[in-house]
Structures are given as C-alpha cells and as structure tokens.
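Summary of structural features
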Amino acid sequence: MTERQIRLATCSLAGCFGCHMSFLDIDERLFDLVELIEFDRTPLTDIKHCGPCDVGIVEGGVCNAENVHVLKEFRKNCKVLVAIGACAINGGLPSLRNNIDLWDCFQEVYQYEGGLEGGVVPNDPELPLPFDKVHPIYEVVKVDYFLPGCPPSGDAIWRFLTDLLAGREPKLEYEQLHFD
Amino acid sequence: MNKTITIDGLSVPFQEGQTIMDAALAAGVYIPRLCHNPEFKPHGSCKLCTVKVNGRNVASCTMPAVEGQQVLNDTDELNADRLALTQMLFVEGNHLCPACEKSGNCQLQAVAYYLGMMSPHYNHFYPQREVDASHPDVILDRNRCIYCELCVRASRDADGKNVFGLSGRGIQSSLVVNSASGRLGDTSLAATDKAVQVCPTGAILQKGKGFTVPIGRRVFDHHTIKEIQTGGGHD
C-alpha cells in the first residue's frame, strides 16, 4: 500500500447530492482512489469541519449564509478548490428562484401549498439566513478548477481526479464535457 | 482565374461579392458563429466569427473577401476572445442547461463545448425576462434569447410574417412580438415556420417535442459543432 498523502474533502451546498452520487458511480475505482487519498470532511466520513486539505470539491451553489461559511472554510483549508456540477458553476436549478421574490417563494412553499401543519414560514434562529439570489461559488471565493455536468458522469469525475492527482492539468474528452 | 484568400495558411477560393464566411463555408473551414446562418442575410452581431485580417479583427460574416487577404481564424488568441464572448452570453441571460429542452441540440452550448468553456467566469446578471406560453404550439422563453435576430430575419424574409423584432438597446434589449397584445398566441406564427426552426438556443421551441430524442443522444452530445456545421469537412 502506498502512503496516503493527499487529503480530499467534499461537501454539498445548494445542490441535490447528485454530484456526490455520481462520484460514487466511479464504482470499484473507489478502491484505487482510497489508495491515493485520505478523506477529510465529506458525507462519506461524516466529519463536520474541513481541516487542512490538498483538494476540496464543492457541489452546489450558495443560497444561504451557512453555505458561505462552509465555502470559506473549504477555501481557507484546501490548496485546490474544485467546483463540481451545474449548481456550483452557474447556480443551477436552485437559481431558477432568482427571478422570484424570496417572500413570494416562502409563501408559496409554506403557506399556500397544502399539507403543511400550521402554514407558517419557519423562523428558527438555527435556520440559515437565505439569500435573495442563489450564486455560483466562484462569485464568492476563488475557484481553481471546474467540472461541469448535471451531474458530471462518473467517468468524467474519474478522469478529472486521476489527472489532478497525477499532477496533470485536468482535461476532459469532448463527450465528458457537458452542461446537462 | 480563381480569386483566393488564405485562412490559417490554407488557400481558399472565393467569388466576387462573397464574404470571408461564405468562402470558408464553401471550403468546409469552420469559423465559430451563432448569429450567422447561411440561409439569411448576415447580421454581424454575435462577433464569434471574428477573424484577424491583415492585423485587424473583423466579423467574417460581414467582411467581403478580397484577393490576397491573409485571414487568421483558429488561433489561441481568437478562440480566447470567442470564449469570453460566449461566457458573456451565458451570464447575460438565464441559461440553465439542465432545465432546457434544447440541451444537446443548442448551438450556444455547443460553441461553449467547442471552446472548452468550463465555467461562465463572469458574475451572473440573472436578468428578469418574460416567458410567453400563449401560443398553442410554440413557447417563447426570453431567458434563453441571445438577440441573434435569426427569428426576426426568418419571419420577415422566409415566412413573410414579421412576427418578431428587437426592441430597446444594449442591456435593455428584448425580443418583442408583433401583435397588439404583444403575445405570441395572437400572431399568425405556425410551428412549421422557419422562424421557429432557426433559433440557435432554446428561446423558441415547438411544444410537445422537447424530449422526442433523449438527453445524451442529441446532436452535440457526440459531435462537435465544427463537425456538424462543416459536414465533417476540413480540419
């Protein structure tokens, strides 16, 4: 077994975890990957905060104050920060709400839509403060690499990671680069 | 005797009155473009087809070919400019590919793939734009409009209906519909009209056709726009 030197962290902000699911789609190559890396914060380890890492992979855009805190923690700790998936790169489907007034959104979800007890908009101080618009992560912190797709395929993720871990400039094949 | 220009060192013949784009198209040389469609009069607005002629940047779709022109096309510098223009088009509208029926058949997306666009780079405008679903067979989603005026030209010159027009200037520009109500449903537009077929993006779509071909099996999923627009021609 080779020495595991590269620490990798991942998180999902305003995303659907679809990119993480696609990451799992590298299937048995995960065994090869864990020979090369050590996981830090990720949904796989359930570590809650990111420590010093070599690579941070962020799924999802920024839709609330907590997203910003997590994102800044990643940027501070990760030498290389990667935006994965449409949401991290242009806001994605959550940004469809960018042209709807936030209060209108809340009313539609919590008051007008049937089946919710009470019909009130949640207002617990523990809930993160939502922003009026969803933004891609590069509008908040510097991002080193982008891996587009909704989600990028397991093959695209594997190609990207193997390039990056081998010290090559990541480059996708034509059919691996897609925005949908 | 044939008149010729050179494009990236390749000798390309042309006839009097042709543009650089016309000559390139005839020779199977790919010059990236969005607002140009050889079936219609050039518009020269997207600037993606900018080439360098004798040291100057010009739009190849409007620049007449002149004997002896040395044209630079597929260079790192020009492609970097084209990438920046494409990224600006992305952030200026609301181009959410995963939510768009045109994804995989969209020329804006295909040009972005061709130029290796990994992110839109610039800050997003997230503009407020109207969707017009009033027509029974056609939907107009202005979020995806890039103001190429192909629908304007097609409706006027091919369909003879003058359904579309551009209103306003600069960032205030919008695609307007020529009816008293301003709604598409109150025009004589038909789903078979050329104006519906020429949209390079998903701004004008025929209803009920969105997923006839599934995502992943569409034109630009497997072929570059260069391959498609040159019919697999020159390298």
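Everything numeric in this text was worked out from a predicted model, so none of it was measured. (Residues numbered from 1 in each chain as written. Chains lettered and ligands numbered in written order. Predicted model: local features only at pLDDT ≥ 70, side-chain atom pairs only at ≥ 80, totals over all residues. Heavy atoms only, no water.)

Right, let's talk about the pattern of salt bridges for a bit. Residue and element names in this part refer to chain A. On inspection of all chains with the given rule, the structure shows 16 salt bridges over all chains. Close ionic contact of arginine 29 with aspartate 155 constitutes a salt bridge, the shortest N to O distance being 3.1 Å. Here arginine 29 is found in helix 2 (residues 29-36), whereas its partner aspartate 155 is found in helix 6 (residues 154-165), with 126 residues between them in sequence. A salt bridge links arginine 159 to aspartate 163; the nearest nitrogen and oxygen atoms lie 3.2 Å apart. Here the residue arginine 159 and the residue aspartate 163 both occupy positions in helix 6, the gap between them amounting to 4 residues, near one helical turn. With relative accessibility at 25%, the residue arginine 159 sits in the partly exposed group. Relative accessible area serves as the criterion here: at 5%, aspartate 163 is assigned to the buried category. Via salt bridges that share partners, Arg159, Asp163, Arg168 and Glu173 belong to a single interconnected network. (Salt bridge = Lys/Arg side-chain N within 4 Å of Asp/Glu carboxyl O. Helix = DSSP H or I, 4+ residues; strand = E, 2+ residues; numbered from the N terminus. Buried < 20%, exposed > 50% of the residue type's maximum accessible area, 1.4 Å probe, protein only.)

Judged by side-chain charge, Asp101, Asp104, Glu108, Glu113 and Asp132 of chain A come together as a negatively charged surface patch. Locating aspartate 104 of chain A in the fold gives a position in helix 5 (residues 102-112). (Patch = residues over 30% accessible without salt bridge, like charges linked within 9 Å, V, L, I, M, F, W, Y side chains within 5 Å. Areas by Shrake-Rupley, 256 points an atom, 1.4 Å probe, with all protein chains shown as cover. Lys, Arg positive; Asp, Glu negative; His and termini not counted. Charge placed at Lys NZ, Arg CZ, Asp CG, Glu CD.)

Turning our attention to the packing of helix 2 of chain A against helix 6 of chain A. Residues and elements named next belong to chain A. Contact geometry of helix 2 with helix 6 gives a least axis separation of 12 Å together with a crossing angle of 25°. Relative to helix 6, the element helix 2 is oriented roughly parallel. Considering the relative orientation of helix 2 and helix 6, their crossing is left-handed. Packed against helix 2, whose contacting residues are Arg29, Asp32, Leu33 and Leu36, the element helix 6 presents Gly154, Asp155, Trp158, Leu161 and Leu165 at the interface. Tallied by class, residues from the contact of helix 2 with helix 6 come to 5 nonpolar, 1 polar and 3 charged. (Axes fitted to C-alpha atoms, helices over the stretch in contact; angles between N-to-C directions. Parallel < 35°, antiparallel > 145°, perpendicular 65-115°, else oblique. Left-handed = near helix turned anticlockwise from the far one by under 90°. Contact = heavy atoms within 4.5 Å. Nonpolar A, V, L, I, M, F, W, Y, C, P; charged D, E, K, R; others polar.)

Residues and elements named next belong to chain A. The buried count for strand 5 (residues 78-84) comes to 5 of 7 residues, which makes it a mostly enclosed element. Note that strand 3 (residues 53-59) and strand 5 share 6 bridges and pair parallel. The residue of strand 5 that forms the bridge with cysteine 53 is cysteine 78. By the bridge criterion, 3 bridges tie strand 5 to strand 7 (residues 145-147) in an arrangement that is parallel. Within strand 7, the residue paired with valine 82 across the bridge is tyrosine 145. (Pairing = 2+ DSSP bridges.)

A separate point is the packing of helix 2 (residues 76-92) of chain B against helix 3 (residues 107-114) of chain B. Residues and elements named next belong to chain B. Between helix 2 and helix 3, whose axes approach to 10 Å, the crossing angle comes to 140°. By the criterion of interaxial angle, the relationship of helix 2 to helix 3 is oblique. Handedness of the helix 2/helix 3 crossing: left-handed. The residues of helix 3 that touch helix 2, namely those facing Thr86, Leu89 and Phe90, are Leu108, Gln109, Val111 and Ala112.

Glancing now at the nonpolar core. Soluble globular proteins tend to bury their nonpolar side chains together. Formed by 64 residues in total, the largest nonpolar core has its most connected members in Leu33 of chain A together with Phe164 of chain B. Among the elements that line this core, the one with the most residues is helix 6 of chain A, at 7 residues. Other than its neighbours up to four places away in sequence, leucine 33 of chain A contacts Phe23, Ile26, Phe39, Trp158, Leu161 and Leu165 of chain A. Among the nonpolar cores identified, the runner-up in size contains 22 residues, and Cys78, Ala88, Ile89 and Tyr138 of chain A belong to it. (Core = buried A, V, L, I, M, F, W, Y, C linked by side-chain atoms within 4.5 Å.)

Residues and elements named next belong to chain A. Of all 7 residues in strand 1 (residues 6-12), 5 are buried; the element is thus mostly enclosed. Direction of pairing for strand 1 relative to strand 2 (residues 37-39): parallel, over a ladder of 3 bridges. Residue pairing across strands places isoleucine 6 opposite isoleucine 37, the latter belonging to strand 2. The pairing of strand 1 with strand 3 spans 5 bridges and is classified as parallel. Along strand 3, the bridge assignment pairs threonine 10 with isoleucine 57.

Facing 26 residues of chain A, the contacting portion of chain B comprises 32 residues. Carbon and sulfur atoms supply 60% of the area that chain A and chain B bury against each other, a total of about 2,300 Å² over both sides. At the boundary of chain A and chain B, one finds 0 salt bridges. Between chain A and chain B we count 14 residue pairs in polar contact (both at pLDDT 80 or more) in total. At the level of elements, helix 4 (85-90) and strand 6 (130-135) of chain A are the ones that each hand at least two residues to the side of chain A that touches chain B. Taken together, the residues of the side of chain A that touches chain B break down into 14 nonpolar, 8 polar and 4 charged. (Buried area = accessible area lost by both parts, 1.4 Å probe. Polar contact = N/O pair within 3.5 Å; in protein donor to acceptor, adjacent residues only side chain to side chain.)

So yeah, pure geometry; function would need other evidence.
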